[in-house]
Amino acid sequence: MLTLAREAGFDGAQHVAGTSLAERYFADRSDGLRPSSGEDLLVALPESFVM
């Protein structure tokens, strides 16, 4: 996934694992809600993008 993004010009591409998202945003839920286990994200901006 990262290789494809970088080959397409997204040099700063980062993989965000679903498990880390669950730990960060769902850890203290009293109802036990968790995201599906197959949810990963690719965060990418084109090299020419300036913030």
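To keep things clear, this report deals only with the structure shown in the data block. Quick caveat, the model's predicted, so the values are computed rather than measured.

**Digging into the overall build of the chain**
- What the chain contains, in helices and strands, is two helices and two strands.
- Taken along the three principal axes of its C-alpha coordinates, the chain extends 45 × 25 × 10 Å.
- Looking at the chain as a whole, 8% of its 51 residues qualify as buried.
- In the chain, of all internal contacts separated by at least 6 residues, the share reaching a separation of at least 24 is 55%.
- Total accessible area on the chain stands at roughly 4,300 Å², and carbon and sulfur atoms take up 54% of it.
- One finds the centroid of the 4 positive side-chain charges in the chain at a distance of 7 Å from the centroid of its 8 negative side-chain charges.

**Description of the environment of G38**
- Within the secondary structure layout, G38 lies in the loop between α2 (18-25) and β2 (41-43).
- Here the alpha-carbon distance between G38 and G18, two residues 20 residues apart in the chain, equals 6.9 Å.

**Remarks on the pattern of salt bridges**
- If you walk through the whole model with that rule in mind, you get one salt bridge.
- The salt bridge involving R29 is made with D31; its shortest N-O contact spans 2.6 Å.

**Focus: the environment of L2**
- Within the fold, L2 resides in helix α1 (residues 2-7).
- Each C-alpha atom, one on L2 and one on G12, is 9.4 Å from the other, the two residues being ten residues apart in sequence.
- Each residue touching L2, except ones within four places of it in the same chain, is listed here: A13, Q14, H15 and L42.

Reading the values: rules and limits
Residue indices begin from 1 for each chain and proceed along its sequence in written order. Since the coordinates come from a predicted model, pLDDT governs what is reported: local features require at least 70, and pairs of side-chain atoms require 80 or more to be given and counted, while whole-chain, interface and lining totals use all residues. Hydrogens and water molecules were not included; the side-chain quantities draw on all heavy atoms of the structure. Numbering of helices and strands runs from the N terminus; a helix is a DSSP stretch of H or I covering at least four residues, while a strand is a stretch of E covering at least two. Buried means the residue's accessible area, taken with a 1.4 Å probe over protein chains only, is under 20% of the maximum for its type, while exposed means over 50%, and partly exposed covers the values in between. Residue contacts are defined here by distance: any two heavy atoms, one from each residue, within 4.5 Å place the two residues in contact. Where accessible areas are quoted, they stem from the Shrake-Rupley method and a 1.4 Å probe; at the residue level, only the protein chains shown are allowed to cover. When charges are counted, neither His nor the chain ends are considered; positive counts come from Lys and Arg and negative counts from Asp and Glu. Every charge is mapped onto a representative atom, which is NZ of Lys, CZ of Arg, CG of Asp or CD of Glu. Criterion for a salt bridge: a side-chain nitrogen of Lys or Arg within 4 Å of a carboxyl oxygen of Asp or Glu.

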